[in-house]
Structures are given as C-alpha cells and as structure tokens.
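# Architecture at a glance
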Amino acid sequence: MAGMSLQSTPGPLSEDVVRRAPKVLLHDHLDGGLRPGTVADLAAECGHELPAPREELGRWFAESADSGSLERYLETFTHTVAVMQSASALTRVARECVEDLAADGVVYAEVRWAPEQHVEAGLSLDEVVAAVQQGFDEGVAAVEATGGVFVVRQLLTAMRHAARSQEIAELAVAWRDRGVTGFDIAGAEAGYPPTRHLDAFEYLHRENAHFTIHAGEAFGLPSIWEAIQWCGADRLGHGVRIVDDIEVADDGTVRLGRLAQYVRDKRIPLEMCPYSNVQTGAATSIAEHPIGMLTDLRFRVTVNTDNRLMSGTSMTREMTALSEAFGYGLAELQWFTVNAMKSAFLHFDERLALIDDVIKPGYAALAAESG
Ligand SMILES: O=c1[nH]cnc2c1ncn2[C@H]1C[C@H](O)[C@@H](CO)O1
Ligand SMILES: [Zn+2]
C-alpha cells in the first residue's frame, strides 16, 4: 500500500509476531479490562454477588456481552464497576491493566474510565483518580524494572446519560499534568447525543484540552456530525458508521459524502474496535468490518480493544484477526500503530520520540527477522 514504506512482510502474520510488534492503544476501558480472577477476588472482598463462579466468569462476560446490542453489552459493566469502589481495588485494577498491556506488546496506552461511577462507597472524584494513577505508576515502574518501555495516560469519561460532564471535564483539566491527558463521553448512544454535553466540550476548548467522543457506534451519521461539527472532537470513538456516508458503485467506484470527505481530509482519527463492534452488532463479522474499506481509503484508522474482558480480546488478538481477514502484514500494522501514536493526546515531542525510538525500530527488527 502506498505510503507504507516498511520492507513488507506480507500477512497473515502469526500471533507470536503480532504480540512482539510494538502497539499503541487509544481506546481501552479500565472497567472493561479486568482479569476474571481479579473480579472474583474483589467481589469476595467487598461482598458483591457475581452471576457466575470464578472459573466461568471470563466466559460469562464474553457470552453476555455478545448480545447484538450496545445497551445489553453495557449491562455487564454493573459487575466490574461494583467491585471497583475502593482505592485499593482501583489501584490493583490499574496496576494489572499496565502489566497485561505491556505483556501484550503495547508501548503506549490511553486508558479511559468514568470516575463518577466509582464514588458509591464515599471516595471523592479526586481520590478515585489518584488511586488509578497510583496503580498506573506501580505498573509502569514494574515494566521499567525489567527493561521494558511503557507509557500510559488516563482519559476521564463522563457518562452521556448523566449530568456530570462539566465536573468531569474540570477534573481532567485539574489532573492534566499528573497523568490525565483527555476526556471522553461513553454509555448508550441512541437518545443521548453529544450536544447534551456541549458546555463541557466548550470549556475543554477554552482550556486547550483534548477529547474524544464515542460516536457512530450504535447510532449513525448525526452522532458523528454533532461530535465533530458541534462539539469539536479531536477523535472519534469507533466512528464505524462513517461508512453510511460512503457509496461504492457496482464497478467499484467510491464516492464519499461531505461528512466522510471532511473526516478523511482533516485526518480525524477513528478509534476502531473490531471485536467489540461484532458483539454489539455495529459490524457483522471481522471479515466484513468497515475497517478494511476505511483502511483502503486511507482514513486515519487506529486499532483498539475497547473492553478486553467483555470481548475476551487483546491488541494481539485484534491485529492477528485483521491480518488474517485482510492479509495485513508488518507494513500495515506499523501504519495503524504510527496512526495511533500521531493521534495520541501526548505532547508532540513525546509522540515523535516513541515513533522514532520504539515503534519504527521495533518493526524494522521484526521485518529483518523474517526477511
Ligand atoms: O463501546 C462502548 N460504547 C459506549 N460506552 C462504552 C463502551 N464500552 C464501555 N462503555 C462504557 C461502560 C463503562 O462503564 C464506561 C466507562 O468506561 O464506558
Ligand atoms: Zn468504548
């Protein structure tokens, strides 16, 4: 593919090669990525009743989330959120998140979660953010002690059905030099358009802060249009329904509508989460996922996990499946990874350093191995 200059190692790639390739993750929910055993431990500690025994929990989450509807998918979070109400639980989950992502070959991650959902036992918003940051710091220290590279930032999410977005946006700004790098809104999309939270987005703009918006997942183009043109989102969470504004004629000619054209021209990053979309019904299968077409059309596509527990997934699994379905090799994986790094809410010099010192040399070493 033009612009993918890495000496091409054609796909499909083995899972082992994909795991060792440096990867960047922009869309991963902290409360969607717990280890099943940790859910069981924490539930026992706080007395929360779980729907399945420890050894069946992983399967229970994956099967319950595999529902064809975003609303039913989201119901499973009741159990993870319930066990993440103490500082020690939040710290443990955050530390394990870093350990798991590092073991999966991720080198940079932005992990999102909704502080307002973790204050039921009396912690303040500041205390919950501090507890998560403590876990991230411990996880990074452990990775660095073994000679690894791992950079992580928090994204603070406000729930779109609730009314705390201004407060959460202010929390994100207050923490911006202490590990938080942006803001997001999540939750059921239909009936809760992004413009409900316009005040928060306008505030963030005035503060020179960054945000992404879940849009174009369970609802179509109007949601994407509002997120970009009314709210000014820097990135789109999923954005998969942008294909509704793309026409492919029988002879293969492609015509982009004005919104799709705008998204591509402005290089607005799409945080695509293939397995999650198959579970919620936003895509029918990996092979038919719009990511194939959007990549061919050179939208700024990134690959993400969304919820590793609910989707039983990892960056390695997502990318291996894409490599199998679309024949992607190392050049395409590096392209997704550089796209993601360019789109991160990290300062420009730090993004560049990770691209030049970690990502490109990592892919070059893998290409040399197989070439
Ligand atoms: O894919 C998603 N779409 C909309 N909301 C989501 C998705 N995955 C997780 N969430 C919600 C449930 C979590 O409790 C919340 C904060 O991480 O974000
Ligand atoms: Zn999400």
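All chains use their own residue numbering, which begins from 1 and follows the written sequence. A letter from A marks each chain and a number from 1 marks each ligand, given out in the order of writing. A pLDDT threshold of at least 70 governs which residues receive local features in this predicted model, and a stricter bar of 80 or more applies before side-chain atom pairs are shown or counted, although totals over entire chains, interfaces and linings include all residues. Just so you know, side-chain values use all the structure's heavy atoms and leave hydrogens and water out.

Here is the rule we go by: UniProt positions are given in the numbering used here, feature names are shortened, and annotations may be inferred rather than shown by experiment.
As recorded by an unreviewed UniProt entry, the chain carries the name Adenosine deaminase and is attributed to Marmoricola endophyticus. If you open the UniProt record of the chain and go to Sequence similarities (unreviewed entry), you find "Belongs to the metallo-dependent hydrolases superfamily. Adenosine and AMP deaminases family. Adenosine deaminase subfamily." Taken from UniProt, the Function (unreviewed entry) comment for the chain reads in full: "Catalyzes the hydrolytic deamination of adenosine and 2-deoxyadenosine."

## Remarks on the side chain of Ser 323
Quick note on the threshold: Helix and strand definitions here come from DSSP, where helices need a minimum of 4 consecutive H or I residues and strands a minimum of 2 consecutive E residues; each element is numbered from the N-terminal end. Any two residues whose heavy atoms approach within 4.5 Å at even a single point are treated as in contact.
Mapping Ser 323 onto the fold places it in helix α14 (residues 315–326). Those residues in contact with Ser 323, other than ones at most four positions away along the chain, are Gly 11, Pro 12, Leu 13 and Tyr 328.

## Comments concerning the coordination of the zinc ion (ligand 2)
What counts here: Only N, O and S atoms count as donors, using a 2.8 Å cut-off from the metal and 3.2 Å for Na, K and Ca, and because water is excluded some sites may appear unfinished. In these descriptions, tetrahedral denotes four donors with every angle between 85 and 135 degrees, square planar four donors and octahedral six donors with opposite donors over 155 degrees apart and the rest between 65 and 115, and irregular any other case. To sort residues, take the accessible area from a 1.4 Å probe on protein chains only and compare it with the maximum for the residue type: under 20% means buried, over 50% means exposed, and anything in between is partly exposed.
Binding of the zinc ion (ligand 2) to the protein goes through His 27 (NE2), His 29 (NE2), His 214 (NE2) and Asp 306 (OD), at separations of 2.1 to 2.2 Å. Taken together, the 4 donor atoms coordinating the zinc ion (ligand 2) span angles of 84 to 171° at the metal, a pattern that classifies the geometry as irregular. Mapping the donors of the zinc ion (ligand 2) onto the primary sequence yields the spacing H-x1-H-x184-H-x91-D. With His 214 in strand β5 (residues 212–215) and Asp 306 in the loop between β10 (301–303) and α14, this residue pair connects regions lying 92 residues apart in the sequence. With relative accessibility at 5%, the residue His 214 sits in the buried group.

## Re the packing of helix α15 (residues 330–343) against helix α16 (residues 348–370)
Inclusion rule: Geometry is summarised by axes, namely lines fitted to C-alpha atoms with helices restricted to the contacting stretch, and by angles between N-to-C directions that run from 0 to 180 degrees. Angle categories: roughly parallel below 35 degrees, roughly antiparallel above 145, roughly perpendicular from 65 to 115, and oblique for all the rest. Three categories are distinguished: nonpolar for Ala, Val, Leu, Ile, Met, Phe, Trp, Tyr, Cys and Pro, charged for Asp, Glu, Lys and Arg, and polar for the others, with Gly belonging to the last.
With their axes 10 Å apart at the nearest point, α15 and α16 run at an angle of 170° to one another. One finds that α15 runs roughly antiparallel with respect to α16. For the pair formed by α15 and α16, the contact residues are Leu 330, Leu 333, Gln 334, Thr 337, Val 338, Met 341 and Lys 342 on the first element and Arg 351, Leu 354, Ile 355, Ile 359, Lys 360, Tyr 363, Leu 366 and Ala 367 on the second. Grouping the constituent residues of the contact of α15 with α16 by class yields 10 nonpolar, 2 polar and 3 charged.

## Re the pairing of strand β1 (residues 23–29)
Going by this rule: Two strands form a pair only when DSSP identifies at least two bridges running between them.
Counting buried positions over the 7 residues of β1 gives 7, a clear majority of the element. In terms of strand pairing, β1 meets strand β2 (residues 106–113) through 5 bridges, oriented parallel. Counted as the bridge partner of Asp 28 is Val 111 from β2.

## Description of empty space enclosed by the protein
Stated precisely, the cut-off is as follows: The definitions used throughout rest on a 1 Å grid laid over the protein atoms alone, on which a cavity is an enclosed set of points accommodating a 1.4 Å probe that cannot get out and a pocket is an open set flanked by protein within 12 Å on both sides along at least five of seven lines; lining residues are those having an atom within 4 Å of a point. Grid points are joined across faces, edges and corners, and a volume is the space filled by probe spheres set on the points.
Tallying each qualifying case throughout the model produces 1 cavity of 30 Å³ or more. The space that makes up the largest cavity amounts to roughly 30 Å³. Around the largest cavity sit Gly 33, Leu 34, Arg 35, Thr 38, Val 93, Glu 96, Cys 97 and Asp 100, which together line it. If one sorts the elements of the lining of the largest cavity by residue count, helix α6 (residues 87–103) sits on top with 4 residues. Residue composition of the lining of the largest cavity, by class: 3 nonpolar, 2 polar and 3 charged.

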